[in-house]
Number of protein chains: 2
Amino acid sequence: MSISEFDIISKYFNQAGITPEAGSTLVYGIGDDCAIVDVPEGKQLVLTMDTLVADVHFFSGDEPAAIARRAMVANISDLAAMGADALAFTLSLTMPKADEAWLESFSEGLRQMVKTYSCPLIGGDLTQGPLSITIQAHGLVEKNRALMRSGARPGDLVFVTGELGAAGLAVSLIKNGMSLQQQDRQDLYQAYYNPQARLEFARQGREKISAAIDISDGLLADAAHIALMSSVNLELQASRIPVAGAVKSILGNLGDRSKGLNHALTAGDDYELLFTASADQESALMEIAAGMKLKLSRIGLVVESKGADRMNRVRCLDKSGDEITLGKVGYRHFS
Amino acid sequence: MSISEFDIISKYFNQAGITPEAGSTLVYGIGDDCAIVDVPEGKQLVLTMDTLVADVHFFSGDEPAAIARRAMVANISDLAAMGADALAFTLSLTMPKADEAWLESFSEGLRQMVKTYSCPLIGGDLTQGPLSITIQAHGLVEKNRALMRSGARPGDLVFVTGELGAAGLAVSLIKNGMSLQQQDRQDLYQAYYNPQARLEFARQGREKISAAIDISDGLLADAAHIALMSSVNLELQASRIPVAGAVKSILGNLGDRSKGLNHALTAGDDYELLFTASADQESALMEIAAGMKLKLSRIGLVVESKGADRMNRVRCLDKSGDEITLGKVGYRHFS
């Protein structure tokens, strides 16, 4: 039996737990040509849009709830990187047919994310075509207080939340098949299918942070964005990079420990925050992270950019201060 | 030679004529995790998202500039239906490969629309996958003055801008092939490939309008949305429906004049405005339309909804007041 787009919207998307609660004063959602958003005086709206395409950014056979979680976290993570409070999101869902079991699971994944990040659905589009999901997330910041990539200053310290590389390794695992210990497999799947956006950490820490970015394209590539936009260089210490335990164990077992580091610095799919802060904020930031049981690592230093090293803004140093040569940097869609 | 996503963005999208002009105070565009939008005191932000999928909403072989125009107009038309001023848009472009000739034409189409509607690009995403275009348009309205579907009152008149049915007939023409006179063919192509959003008419007329919707899904289907949301019925006069000349001539030549009316009332792809206004606003609205050489037709009347006709809220009457039975109503994606 076929189901119309209007019925899909009302049955799976325009319902309690997904759309704004009754009496919500900031947003008016689904049901007119446009949604309407109120931005309180003294605030600015920030917005970000990400598309996930089947078999490019996720596997078509993934649990639909997990696809929804990943699509939401990719966007909420960008709000976190601006130090924003989440406000609402829009969704354009393109799918080959109206599969109600798929929609049931997908909308349940959305519902979890709406609750976790207090970010309801206020509009979007539903079309027939090859499976893909576009989400635009909207957040609020105090006027002129958004965390920009351009705010890092020489002398600032460099931090990263969480542990790196597990989600990216899960992708290789699923693509290529790998014989793994049960625990390693679970850790990788958890990282990939249940990513966390660091919205709450950024909210509590934003006054103490000078520049931030989310590292969905890989730490090194995204560190280079901060360096470039701030006109500084970054010196990272290899020994301080928080390589995920499962990554160390799996890639170490493959015979080369440096592979774990290389992977953690270049793999995508980690929705962690890379940020800079002045040294006198370190203990306060560590305390905030500890309070929410979030691992926070100081991984390096912001230094002045001299004429000669404009092309090599991010260096990763070993314990004796020598530069480590790393592989491919970051995820680039068309190269 | 392959080109990276960063190079595509800087070469085709992040450039003068597409992104905000230097010194623009309302929006900060491409180059950070999120774009930032200022909403002036006393205003509200309205937003709308539409996805166009290749070979569902356009033909993959269409001129890329025309695809860009149609994607923009689909969204700008929703801003017009709210009586909003255009502010800025975001774009998620998914394409199978980076074809520079395609990108050159597509970005030229965007540039035309940015200029026509004063609506610059402030962010988005670029991914590899089956060709599709998602745009979210953002506009500003005076607080609590957006034109809603729910504002029609019994006694109001019903109006529609422009002429109907030509774009929808162009789609049939392209799909099925048809032997047409040169002029008819040109008129249909013009309607389909160069649609106009009625942003300026809505801007000038918004104080005089009680409810509005854009009729991209077909006049009858969209009229039903106004009727339902306003808890009224609409009575349309068949003889007043502005069927496009080419549609009358082509479908008339096929031997059945009523086909033209039926097609004009149910075809999609017209980005005209259907709206209601009290009778004392008619002459002022006609004058605004005449001032911009836009056809404006009074096509019916808003009447009270009585218990019995809740399921049949929009009726189309012939000259003797009898109801005309029409075919399939509106475009529904999954039914």
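Considerations on the overall build of chain A
Turning to step 1, where the next piece is worked out: Looking only at helices and strands, chain A features 10 helices and 12 strands.
Turning to step 2, where the next piece is worked out: Relative to the 2.2 N^0.38 estimate, which gives 20 Å for 335 residues, the radius of gyration of chain A is 21 Å and therefore close to what a compact globule would have.
Turning to step 3, where the next piece is worked out: Along the longest, intermediate and shortest principal axes, the C-alpha atoms of chain A span 65 × 55 × 40 Å.
Turning to step 4, where the next piece is worked out: A total of 335 residues make up chain A; the buried ones form 54% of that total.

Describing the interface of chain A and chain B
Turning to step 1, where the next piece is worked out: Contact with chain A, which involves 52 residues of that partner, is made by 52 residues of chain B.
Turning to step 2, where the next piece is worked out: When residues of the side of chain A that touches chain B are traced back to their parent elements, those giving at least two are α1 (5–13), β2 (35–37), β3 (43–53), α2 (64–81), β4 (85–95), β5 (121–128), β6 (132–142) and β8 (211–214) of chain A.
Turning to step 3, where the next piece is worked out: The element contributing the most residues to the side of chain A that touches chain B is β3 of chain A, with nine residues.
Turning to step 4, where the next piece is worked out: In the side of chain A that touches chain B, the residues fall into 23 nonpolar, 18 polar and 11 charged.
Turning to step 5, where the next piece is worked out: Sheet analysis places β2 of chain A next to strand β3 (residues 43–53) of chain B, joined by three bridges and oriented antiparallel.

A word on the domain arrangement of chain A
Residue and element names in this part refer to chain A.
Turning to step 1, where the next piece is worked out: For chain A, the assigned domains are domain 1 (5–142) and domain 2 (149–317).
Turning to step 2, where the next piece is worked out: Here the C-alpha centre of domain 2 lies 26 Å away from the C-alpha centre of domain 1.
Turning to step 3, where the next piece is worked out: Contacts between the two partners involve 16 residues from domain 1 and, on the opposite side, 18 residues from domain 2.
Turning to step 4, where the next piece is worked out: Only α2 and β4 provide two or more residues apiece to the side of domain 1 that touches domain 2.
Turning to step 5, where the next piece is worked out: Broken down by element, the residue count for the side of domain 1 that touches domain 2 peaks at 11 residues, all from α2.
Turning to step 6, where the next piece is worked out: Its residues placed into classes, the side of domain 1 that touches domain 2 shows 10 nonpolar, two polar and four charged.

A few points about the sheet that holds strand β4 (residues 85–95) of chain B
Turning to step 1, where the next piece is worked out: Within the open sheet, the six strands sit side by side as β1(A)-β2(A)-β3(B)-β6(B)-β4(B)-β5(B). Their pairing is mixed. Edge positions in the sheet fall to β1 (27–28) of chain A together with β5 (121–128) of chain B, since each of these pairs with one other strand and no more.

Some details on the sheet that holds β3 of chain A
Turning to step 1, where the next piece is worked out: The strand order across the open sheet formed by six strands is β5(A)-β4(A)-β6(A)-β3(A)-β2(B)-β1(B), and the pairing between neighbours is mixed. A single partner strand is all that each edge strand has here, and the edge strands are β5 of chain A together with β1 (27–28) of chain B.
Turning to step 2, where the next piece is worked out: Pairing between β3 of chain A and β6 of chain A: 11 bridges, direction antiparallel. For Gln44 of chain A, the partnering residue across the bridge sits in β6 of chain A and is Val141 of chain A.
Turning to step 3, where the next piece is worked out: Sitting on the sheet, α2 of chain A touches β3, β4 and β6 of chain A, and the angle it makes with β6 of chain A is about 30°.

Regarding the relation of the copies chain A and chain B
Turning to step 1, where the next piece is worked out: Note on the copies: chain A fits chain B at an RMSD of 0.0 Å, the axial shift is 0.0 Å, and the rotation between them is 180°. On the angle and the small slide along the axis, the relation comes out as a two-fold axis.
Turning to step 2, where the next piece is worked out: Comparing contact sets, 100% of the residues at the interface of chain A also lie at the interface in chain B, consistent with an isologous, same-surface contact.

Considering helix α2 (residues 64–81) of chain B
Residue and element names in this part refer to chain B.
Turning to step 1, where the next piece is worked out: In a regular helix each residue adds 1.5 Å, so 18 residues correspond to 26 Å; α2 covers 26 Å between its end C-alpha atoms and thus fits that length.
Turning to step 2, where the next piece is worked out: Across the 18 residues of α2, 17 count as buried, placing the element largely inside the fold.
Turning to step 3, where the next piece is worked out: The first or second residue beyond α2 is Gly83, which carries a positive phi of 70°.

Things to note about the pairing of strand β11 (residues 296–304) of chain A
All names here are of chain A.
Turning to step 1, where the next piece is worked out: Relative to β11, strand β7 (residues 157–161) runs antiparallel, the two sharing five bridges. Among the inter-strand pairings, Val158 is bridged to a residue of β11, identified as Gly300.
Turning to step 2, where the next piece is worked out: Here five bridges tie strand β9 (residues 232–237) to β11, and the two strands are oriented antiparallel to one another. Paired with Val232 across the strands is Glu304, a residue of β11.

So, the packing of α2 of chain A against helix α3 (residues 100–117) of chain A
All names here are of chain A.
Turning to step 1, where the next piece is worked out: Following both chains from N to C, one finds α2 and α3 inclined at 35°, their axes separated by 7 Å at the closest point. Once α2 is placed against α3, the crossing between them reads as right-handed. In this structure, α2 contributes Pro64, Ala65, Ala66, Ile67, Ala68, Arg69, Met72 and Ile76 to the contact, and α3 contributes Trp102, Ser105, Phe106, Glu108, Gly109, Leu110, Gln112, Met113 and Tyr117.
Turning to step 2, where the next piece is worked out: When the residues that make up the contact of α2 with α3 are grouped by side-chain class, the tally is 12 nonpolar, three polar and two charged.

What about the nonpolar core?
Turning to step 1, where the next piece is worked out: The biggest cluster of nonpolar side chains holds 228 residues, and the ones touching the most others in it are Val46, Ile76 and Leu79 of chain A together with Val46, Ile76 and Leu79 of chain B.
Turning to step 2, where the next piece is worked out: Among all residues touching Leu79 of chain A, those that are not within four sequence positions of it are Val46, Thr48, Ala84, Ala86, Ala137, Gly139 and Leu199 of chain A together with Cys34 of chain B.

Concerning the pairing of β7 of chain A
Residues and elements named next belong to chain A.
Turning to step 1, where the next piece is worked out: Buried residues dominate β7, accounting for five of its five residues.
Turning to step 2, where the next piece is worked out: Burial along β7 is two-sided: the residues Leu157, Phe159 and Thr161 and Val158 and Val160 are all buried.
Turning to step 3, where the next piece is worked out: By the bridge criterion, four bridges tie β7 to strand β10 (residues 273–277) in an arrangement that is antiparallel. Each bridged residue has a counterpart across the sheet, and for Val158 the counterpart in β10 is Thr276.

Observations concerning unusual backbone geometry
Residue and element names in this part refer to chain A.
Turning to step 1, where the next piece is worked out: Unlike most non-glycine residues, Ser118 shows phi in positive territory, near 50°.
Turning to step 2, where the next piece is worked out: Take Ser118: it is sitting in the loop between α3 and β5.
Turning to step 3, where the next piece is worked out: Residue classification places Ser118 among the partly exposed residues on the basis of 13 C-beta atoms within 10 Å.
Turning to step 4, where the next piece is worked out: The backbone of Asp269 shows a phi angle near 75°, a positive value even though the residue is not glycine.
Turning to step 5, where the next piece is worked out: Here Asp269 lies in the loop between α9 (257–266) and β10.

Some remarks on the environment of Leu261 of chain B
Turning to step 1, where the next piece is worked out: Its location among the elements puts Leu261 of chain B in helix α9 (residues 257–266).
Turning to step 2, where the next piece is worked out: Here the alpha-carbon distance between Leu261 of chain B and Leu317 of chain B, two residues 56 residues apart in the chain, equals 12 Å.

Focus: the environment of His57 of chain A
Turning to step 1, where the next piece is worked out: Relative to the helices and strands, His57 of chain A resides in the loop between β3 and α2.
Turning to step 2, where the next piece is worked out: Between the C-alpha atom of His57 of chain A and that of Val171 of chain A, which follows or precedes it by 114 residues, the distance is 9.6 Å.

Structural notes on the environment of Asp217 of chain A
Turning to step 1, where the next piece is worked out: Position of Asp217 of chain A relative to the elements: it lies in the loop between β8 and α7 (219–230).
Turning to step 2, where the next piece is worked out: Considered as a pair, Asp217 of chain A and Leu265 of chain A are 48 residues apart in the sequence and their alpha carbons are 9.8 Å apart.

Definitions and limits used
Residues numbered from 1 in each chain as written. Chains lettered and ligands numbered in written order. Predicted model: local features only at pLDDT ≥ 70, side-chain atom pairs only at ≥ 80, totals over all residues. Helix = DSSP H or I, 4+ residues; strand = E, 2+ residues; numbered from the N terminus. Rg over C-alpha atoms; globule rule 2.2 N^0.38 Å. Buried ≥ 20, exposed ≤ 12 C-beta atoms within 10 Å, placed from the backbone. Contact = placed C-beta atoms within 7 Å. Nonpolar A, V, L, I, M, F, W, Y, C, P; charged D, E, K, R; others polar. Pairing = 2+ DSSP bridges. Domains from an automatic or database assignment. Axes fitted to C-alpha atoms, helices over the stretch in contact; angles between N-to-C directions. Least-squares fit on C-alpha atoms with pLDDT ≥ 70 in both. Expected span 1.5 Å × (residues − 1). Left-handed = near helix turned anticlockwise from the far one by under 90°. Core = buried A, V, L, I, M, F, W, Y, C linked by C-beta atoms within 7 Å.

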